[in-house]
Amino acid sequence: MKPAFLFMLIAVVMLTAVNGQCQTSKEGSAEPMVAFYGPSGSTLLRECQAAAKLANGEHYTTQQAIDGTYCRGYVAGAVDQMVGISVQTATVYCIPANADNDQFVRVVLKYLNDNPATLNYPAGALVAKAVIAAFPCK
């Protein structure tokens, strides 16, 4: 990876983290403390449900159009980051050459619906889990 691209990638991640929301586990909880920035799976689920509405041509509100567009952009960015990182690391997924963003949104939405216990996890981690589960290497 070229140094300039790596620097820009790190800068974007850092700026996103500064502007995001921080979530941690409850004090005294047996679960380890985890801090992350950005949306949770619950937020992404609502936004991706709106994206599915848009894709299916259903009636939608202005807020649903905004949420659906956010989902599409978030998922595209998360998948793009996974692919970018895979240039330097071994991957555990094999995305088909003809996969498109609509397919990724459907994969993420299905994963979120099938795994409601994970909705408090960071959205980026859930996108990665969804892609890895949907596109295993054979």
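Note that the structure is predicted; figures quoted are calculated from it, not measured. (Residues numbered from 1 in each chain as written. Predicted model: local features only at pLDDT ≥ 70, side-chain atom pairs only at ≥ 80, totals over all residues. Heavy atoms only, no water.)

### Section: the overall build of the protein chain
Put simply, the test is: Each helix is a run of H or I in the DSSP string that is no shorter than four residues. Each strand is a run of E no shorter than two, and both are numbered from the N terminus. Burial classes: relative accessible area under 20% of the type maximum marks a residue as buried, over 50% as exposed, and values in between as partly exposed (1.4 Å probe, protein chains only). The contact criterion used throughout is that any non-hydrogen atoms of two residues lie within 4.5 Å. Here, Shrake-Rupley sampling with a 1.4 Å probe gives the accessible areas, and only protein chains in the shown set may cover a residue.
Looking only at helices and strands, the protein chain features five helices and two strands. For the protein chain, the α and β elements follow one another from N to C terminus as α-β-β-α-α-α-α. Counting all 138 residues of the protein chain, 28% fall into the buried class. The long-range fraction of contacts in the protein chain, counting pairs at least 24 apart against all pairs at least 6 apart in sequence, stands at 58%. By element, 61% of the accessible surface of the protein chain is carried by carbon and sulfur atoms, the whole surface being about 9000 Å².

### What about the pattern of salt bridges?
Keep this limit in mind: We count a salt bridge whenever a side-chain nitrogen from Lys or Arg sits within 4 Å of a carboxyl oxygen from Asp or Glu.
Considering all chains together, one arrives at four salt bridges under this definition. A salt bridge links Arg 46 to Asp 67; the shortest N-O distance between them is 3.5 Å. Taken together, the residues Arg 46 in helix H2 (residues 41–55) and Asp 67 in helix H3 (residues 62–86) connect sequence positions 21 residues apart. On the accessibility criterion, Arg 46 (44% relative accessible area) is partly exposed. According to the relative accessible area criterion, Asp 67 is buried, its value standing at 8%.

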